[in-house]
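Structural features, examined
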Amino acid sequence: MIVEFAKDEYEKGKPLLDATLEGARLRLRPILMTSFAFIFGMLPLWFASGSGAVARRILGSTVIGGMIAASAIAIFLIPVTFYVIERFFAGHERAPEAIPSVEPVT
């Protein structure tokens, strides 16, 4: 979604860096809300006690760590990757195909 928003802004004429930052800014709140909701839902696994608690703690730690890593990738790495790829391929755009001319019928 970050890429979609940034691409739309870039196609509207914004500079690439501004479009990338705008796309990241627009998607930051939904990413954080989803991540925190999921992480808070996994906290009971992380603080498990009783029978089988070790397995649940390991599972909770793994899931929470994975969600933190995925959120960091989505927040930081995706916009940077979009910016780098767009900068790299900016000069390699295809020329539009020629429109065949239609001659009037006489």
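To be clear, the structure that these remarks concern was listed above.
Within every chain, residues take consecutive numbers counted from 1 along the sequence as written. Owing to the predicted nature of the model, reporting of local features is limited to residues with pLDDT of at least 70; listing and counting of side-chain atom pairs is limited to 80 or more, with chain, interface and lining totals taken over all residues. Hydrogens and waters are ignored; side-chain quantities use all the structure's heavy atoms.

Note on conventions: DSSP H or I runs of at least 4 residues are helices, E runs of at least 2 residues are strands, and numbering of each starts at the N terminus. Helix and strand counts for the chain come out as 3 helices and 0 strands. Listed by position from the N terminus, the elements making up the chain come as α-α-α. Each residue is placed in one exposure class: buried if its accessible area under a 1.4 Å probe, protein chains only, is under 20% of its type's maximum, exposed if it is over 50%, and partly exposed if it falls in between. For the chain, with 106 residues in total, the buried portion stands at 23%. In what follows, residue pairs with any heavy atoms lying within 4.5 Å of each other are defined as contacts. Relative to all contacts within the chain whose residues are 6 or more apart in sequence, the contacts with residues 24 or more apart total 52%. The protein chains shown are the only cover counted for residues, whose accessible areas, like all others here, come from Shrake-Rupley with a 1.4 Å probe. Summing over all exposed atoms, the chain offers an accessible surface of approximately 8100 Å²; the carbon and sulfur share of this is 68%.

As a further point, take the environment of Lys14. Along the chain, Lys14 turns up in the loop between helix 1 (2-11) and helix 2 (16-46). Excluding residues within four positions of it along the chain, Lys14 makes contact with Glu9, Ala19 and Glu22.

Salt bridge, as used here: a side-chain nitrogen of Lys or Arg that lies within 4 Å of a carboxyl oxygen of Asp or Glu. As enumerated under the stated definition, the model contains 4 salt bridges in all. A salt bridge links Glu9 to Lys14; the nearest nitrogen and oxygen atoms lie 3.5 Å apart. Residue Lys14 is classed as partly exposed on the basis of its relative accessible area, which comes to 33%. Via salt bridges that share partners, Glu9, Lys12 and Lys14 belong to a single interconnected network.

In this section: the side chain of Ser35. Note on placement: Ser35 falls in helix 2. Relative accessible area serves as the criterion here: at 5%, Ser35 is assigned to the buried category. The residues contacting Ser35, other than those within four sequence positions of it, are Met67 and Ser71.

Pairs of packed helices are described in terms of their axes, by the angle between the two and the distance that separates them. Each axis is a line fitted through C-alpha atoms, and for a helix only the stretch in contact is used; angles between axes span 0 to 180 degrees, taken between their N-to-C directions. Taken N-terminus to C-terminus, the directions of helix 2 and helix 3 (residues 53-89) make an angle of 175°; their axes are 10 Å apart at the nearest point. Taken together, the axes of helix 2 and helix 3 lie roughly antiparallel to each other. The classification used treats Ala, Val, Leu, Ile, Met, Phe, Trp, Tyr, Cys and Pro as nonpolar, Asp, Glu, Lys and Arg as charged, and all other residues, Gly among them, as polar. Residues of the contact of helix 2 with helix 3, tallied by class, amount to 22 nonpolar, 5 polar and 4 charged. Small angles under 35 degrees read as roughly parallel and large ones over 145 as roughly antiparallel, with 65 to 115 read as roughly perpendicular and the rest as oblique.

Honestly, that's just the spatial picture; any functional story needs more than this.
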